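If you want the building blocks of each chain, they are given just below.
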Amino acid sequence: MHITLHLALAAIIGFGLSEARQQEHDIAYYIHPCQKSGPNINECLTYSANHLTMHLRKGIPELGIEEVEPIVIDEINLSLGSGPDGYRATFKDIQAFGVSNLTVNQVRSDLNSLQFQLTFSIPKISAIAHYRSSGVLIMVQATGGGEYWGEYEGVKAKVYIKASEVERNSQKYLHLEDLKMDFSVKDIQMGIKNVHNGNAVLEAALNLFINSNSQELLKEMKPHIKKKLMVGMKSFIDNLFSRVPYDSWVID
């Protein structure tokens with residue numbers, strides 16, 4: 001399931017009119033359109049983004065979204081140091097919970113050039129995964145595997161989208177041209193448990209290192225995390241853009 005941050009990406013698509021106007025234009029219930037010439041277009045987009053997010057929490061079958069959580073990432077790699085003793089770790093089958101509690105704080109737009117920037121926040125994300133590691137970590141041979149857990153609080157992110165218009169069946173649709181994102185986490189707690197072979201020394205050493213260097217570890221993992229998230233985000237946006245005409249999002 002590629003819902004990775006789908007809530008965040010979908011948020012830029014909502015736009016706001018009255019319920020009567022929505023029915024007049026036969027607009028899907030999860031889309032709240034905005035008038036392009038409206039005086040408070042960005043405020044409208046922000047409101048509409050949260051409107052769409054609310055529906056995404058419940059799932060939108062019309063878009064092929066049945067379950068929002070957990071968000072699943074297949075694999076992320078971490079590398080510290082070089083040479084044969086450099087520490088390497090692989091996290092697989094990562095499941096993240098809490099992303100659906102996001103709040104869209106601001107949407108900035110240029111509708112003439114079809115550029116959007118979305119800023120959002122998530123109170124807390126909890127994650128679990130399987131991991132395997134090798135190499136030396138704080139003078140301890142760290143080859144082994146087990147279960148990883150993480151608690152990420154105060155998550156903030158920005159997403160940038162550049163689109164273009166295409167015409168299909170006499171209707172205007174959007175095509176994704178460019179996608180960028182970045183994120184930060186205020187507080188992190190994470191660790192490992194159930195280390196293979198019951199190696200208590202390795203488990204204690206890993207947990208000491210992880211919790212003492214959580215932000216540094218996130219920095220090292222960030223490029224891999226962003227790459228994985230971008231794949232899911234692009235898939236979601238392409239799906240949404242292909243199914244919902246642009247005229248349903250922005251009313252002239």
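Everything discussed here concerns the structure shown above.
Everything numeric here is computed off the predicted structure, so don't read it as measured data. (Residues numbered from 1 in each chain as written. Predicted model: local features only at pLDDT ≥ 70, side-chain atom pairs only at ≥ 80, totals over all residues. Heavy atoms only, no water.)

Novice: I'd love a proper account of the environment of Ala163, names of residues and values included.
Specialist: Positionally, Ala163 belongs in strand E8 (residues 144-168). With 52 residues separating them along the chain, Ala163 and Leu111 place their C-alpha atoms 9.8 Å apart. Beyond its immediate sequence surroundings of up to four residues, Ala163 is in contact with Ser113, Leu114, Leu174, His175, Glu177 and Phe241. (Helix = DSSP H or I, 4+ residues; strand = E, 2+ residues; numbered from the N terminus. Contact = heavy atoms within 4.5 Å.)

Novice: Quick one: what's the story with the state of the cysteines, residue by residue and with numbers?
Specialist: The final tally for this structure, using the stated rule, is one disulfide. Sulfur-sulfur distance for the disulfide between Cys34 and Cys44 comes to 1.7 Å. Negative torsions about the S-S bond denote left-handed disulfides, and the value of about -100 degrees found for Cys34 with Cys44 makes this one left-handed. Taken together, the residues span a long stretch of sequence, with Cys34 in strand E1 (residues 34-35) and Cys44 in helix H3 (residues 41-58) at a distance of 10 residues. This pair shows no difference in class: Cys34 is buried, exactly as Cys44 is. (Disulfide = S-S within 2.5 Å. Buried < 20%, exposed > 50% of the residue type's maximum accessible area, 1.4 Å probe, protein only.)

Novice: Describe the environment of Ile188, with residues and values.
Specialist: Looking at where Ile188 falls in the secondary structure, it is placed in strand E9 (residues 171-193). Its relative accessible area of 10% is what places Ile188 among the buried residues. When the C-alpha positions of Ile188 and Gly150 are compared, they lie 7.3 Å apart, and in sequence the two are 38 residues distant. Filtering out sequence-adjacent residues up to four positions away, Ile188 remains in contact with Glu151, Tyr152, Ser214, Gln215 and Leu218.

Novice: How would you explain the nonpolar core if you had to name every residue and give the values?
Specialist: Generally speaking, nonpolar side chains in soluble globular proteins are found buried as a group. With 76 residues, the main nonpolar core has Leu78, Tyr87, Phe91, Tyr152, Val159, Leu206 and Trp249 as its most contacted residues. Considering each element in turn, this core owes the most residues, 10 residues, to helix H5 (residues 214-243). (Core = buried A, V, L, I, M, F, W, Y, C linked by side-chain atoms within 4.5 Å.)

Novice: Could you give an account of the environment of Asp187, with specific residues and numbers?
Specialist: Secondary-structure assignment places Asp187 in strand E9. Each C-alpha atom, one on Asp187 and one on Tyr152, is 6.0 Å from the other, the two residues being 35 residues apart in sequence.

Novice: An account of the packing of aromatic side chains is requested, with residue identities and associated values reported.
Specialist: Going through the model one piece at a time under the given rule, you end up with five aromatic pairs. Here the aromatic rings of Phe241 and Trp249 are separated by 5.2 Å at their centres, their planes lie at 45 degrees, and the arrangement is tilted. Trp249 carries the same exposure label as Phe241, and that label is buried. These aromatic residues form a ring-pair network of at least three members: Phe91, Tyr131 and Tyr148. Against the face of Tyr173 rests Arg168, its NZ or CZ located 3.9 Å from the ring centre. (Phe/Tyr/Trp six-rings, centres within 6.5 Å; stacked < 30°, edge-to-face > 60°. Lys NZ or Arg CZ within 6 Å of the ring centre and 35° of its normal.)

Novice: Describe H5, with residues and values.
Specialist: Here H5 is 30 residues long and its end C-alpha atoms lie 41 Å apart, about the 44 Å a rise of 1.5 Å per residue gives. Helix geometry: H5 is bent most strongly at Met221, by close to 50 degrees, with proline Pro223 lying one to four residues after it. Looking only at H5, the buried set comprises Ser214, Leu217, Leu218, Met221, Ile225, Leu229, Gly232, Met233, Phe236, Ile237, Leu240 and Phe241. (Expected span 1.5 Å × (residues − 1). Bend = angle between axes of the 7 residues up to and from the residue.)

Novice: So what's going on with the pattern of salt bridges? Which residues, and what values?
Specialist: Counted by the stated rule, this structure contains eight salt bridges. Residue Lys172 is joined to Glu165 by a salt bridge in which the shortest nitrogen-to-oxygen separation is 3.8 Å. Judged by relative accessible area, which is 36%, Lys172 ranks as partly exposed. Put simply, Lys180 and Asp178 hold a salt bridge, and the shortest N to O gap is 2.5 Å. A network of salt bridges, in which partner residues are shared, links Asp182, Lys222 and Lys226. (Salt bridge = Lys/Arg side-chain N within 4 Å of Asp/Glu carboxyl O.)

Novice: Summarise the pairing of strand E2 (residues 71-80); cite the residues concerned and give the values.
Specialist: Pairing between E2 and strand E3 (residues 87-97): nine bridges, direction antiparallel. Pairing of Val72 across the sheet is with Gln95, part of E3. Taking the residues that link successive antiparallel strands as the turn, the E2-E3 hairpin has six residues, and the phi of Gly81 there is positive, at about 80 degrees. (Pairing = 2+ DSSP bridges.)

Novice: Break down the side chain of Asn207 for me, with residues and values.
Specialist: Turning to its location among the elements, Asn207 is positioned in helix H4 (residues 200-212). A distance of 2.7 Å separates a polar side-chain atom of Asn207 from the backbone nitrogen of Ile192. The residues touching Asn207, leaving out its near neighbours within four places in the chain, are Gly191 and Ile192. (Polar contact = N/O pair within 3.5 Å; in protein donor to acceptor, adjacent residues only side chain to side chain.)

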